[in-house]
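Understanding the architecture of this molecule
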Amino acid sequence: MTMKNMKKVSRKRSKINFRPLIVFVLMALVIAGTFGVLRILIGRWNVFNITRVTIEGVNDLSPQPIRKLIGQNIFSADLRLLKEQLQEEFPDIECVSAQRRLPSEVFFQLRRRVPVAYVKLLRFYTIDVSSTLIMYPSDFASADLPVITGLSDKIQRPKIGTSYNIAQLEGALALINEKNKNSFLNKYRIAKIDVSRFNEGSFFLAENSPALANQQLEIKFDYRYIKETIKVLGMILQKRRDALVKMEYIDIKNPNSPVFLEKKTDKVN
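Nothing here was measured: the structure is a model prediction, and the numbers come from that model.

Calculation criteria
All residue numbers refer to positions counted from 1 along the written sequence of the respective chain. Two thresholds apply to this predicted model, a pLDDT of at least 70 for residue-level local features and 80 or more for giving and counting side-chain atom pairs, whereas whole-chain, interface and lining totals are computed over all residues. Heavy atoms throughout the structure, all of them, feed into the side-chain values; hydrogens and water do not. Residues belong to one nonpolar core when they are buried, are Ala, Val, Leu, Ile, Met, Phe, Trp, Tyr or Cys, and are joined through side-chain atoms within 4.5 Å. For every residue, the accessible area obtained with a 1.4 Å probe (protein chains only) is divided by the maximum for its type, and the residue is called buried under 20%, exposed over 50%, and partly exposed between those limits. Helix and strand definitions follow DSSP, with helices as H or I runs of at least four residues and strands as E runs of at least two, each counted in order from the N terminus. Whether two residues are in contact is decided by their heavy atoms, any of which lying within 4.5 Å being enough. Paired strands, in this sense, are two strands between which DSSP finds at least two bridges. Axis definition: a line fitted to C-alpha atoms, limited for helices to the stretch in contact. Angles are taken between N-to-C directions and run from 0 to 180 degrees. Salt bridges are identified by distance alone: a Lys or Arg side-chain nitrogen within 4 Å of an Asp or Glu carboxyl oxygen.

In this structure, Leu151, Leu169, Phe203 and Leu233 are the most contacted members of the largest nonpolar core, which totals 40 residues. Ranked by residues supplied to this core, first place goes to helix α6 (residues 226-239) with 6 residues. With sequence-adjacent residues up to four places away left out, Leu233 is seen in contact with Leu185, Phe203, Leu205, Ile219, Ile250 and Ile252. Among the nonpolar cores identified, the runner-up in size contains 16 residues, and Phe48, Ala77, Leu79 and Cys95 belong to it.

Written out as structure tokens, the structure is:
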């Protein structure tokens, strides 16, 4: 190849077509500018100012953060932050959803948290199925709900409205849920659940009858087999209705091979 031909090839390679790139950049600038102008117009257009706030699920509730929404631009309202502020102001309320309904309405779907157990720390706190502390503490716990113990070292500064994702706590709540679904155990209630150990726990079963409330049966279980534990327990109590009176504990850590310990009885000479 001659020197002249080499120069021609070099010039051809050095020619880069910048036209598509320039067109793309100009289009991006136009689109960004258009959105910027629309954002300014929408922000100043009164038709998008919030004139109505609808709350469903909980009656007679007028939270401070929601009252301040009236008059704000619907697109500038931070609904996620409002949801957090609402649940902080009312720990026993769960905000299921917060939605914009154009042009000028904001909709909140709320529901009251239902306590399913107490958590015993320095005092007694009620908790719902999402592991959220929902009521201010008390020095006493009623017999209507199970008491979960063994978490004092894991929840050292309890805060109302906070959800605690602790494996043992979630296991205890799952245990309560499974027990409540088992029709064979309707006549019984869980009085206490000890979750102080990592891999296994104990819960204490009592009859719903006030006259027999002091007779409790310890059930030892493994967190990995909660459903199996409740199923086996239901079958055992179907056959041994005197279990709460005559048994010290039932060990169901291995659901395929439960272990029973009978209470010691004094021999009569």
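Spatially, 3 strands are ordered β1-β3-β2 in an open sheet, and the strand pairing comes out mixed. A strand with exactly one partner marks an edge of an open sheet, and here the two such strands are β1 (52-56) and β2 (93-101). On average, each strand axis in the sheet is inclined to that of its neighbour by 20°, with strand direction left out of account. Bridge analysis of β2 against strand β3 (residues 105-112) gives 8 bridges, and the strand direction is antiparallel. Bridge pairing in β3 places Glu94 opposite Arg111. The strands touched by helix α4 (residues 79-89) within the sheet are β2 and β3, with β2 carrying the most contacts at an inclination of about 155°.

This part is about the pattern of salt bridges. In this structure the tally under the stated criterion is 13 salt bridges. When the shortest N-O distance is used, the salt bridge between Asp128 and Arg113 registers 3.0 Å. With Asp128 in the loop between β5 (124-127) and β6 (147-149) and Arg113 in the loop between β3 and β4 (117-120), this pair connects stretches of sequence that are 15 residues apart. Since its relative accessible area comes to 12%, Arg113 is described here as buried. The salt bridge involving Glu200 is made with Arg197; its shortest N-O contact spans 3.4 Å. According to the relative accessible area criterion, Glu200 is partly exposed, its value standing at 27%. Via salt bridges that share partners, Arg240, Asp242, Lys246 and Glu262 belong to a single interconnected network.

Here we come to the sheet that holds strand β9 (residues 216-222). Spatial ordering of the open sheet is given by β5-β4-β6-β7-β8-β9-β10-β11, a layout of 8 strands whose pairing is mixed. If you trace the sheet from one side to the other, it starts and ends with β5 and β11 (259-262), each paired once. Strand-to-strand twist across the sheet, computed as the mean angle between neighbouring axes with direction ignored, equals 25°. Here β6 pairs with strand β7 (residues 188-194) via 3 bridges, running parallel. Within β7, the position partnered with Ile148 by the bridge is Ile193.

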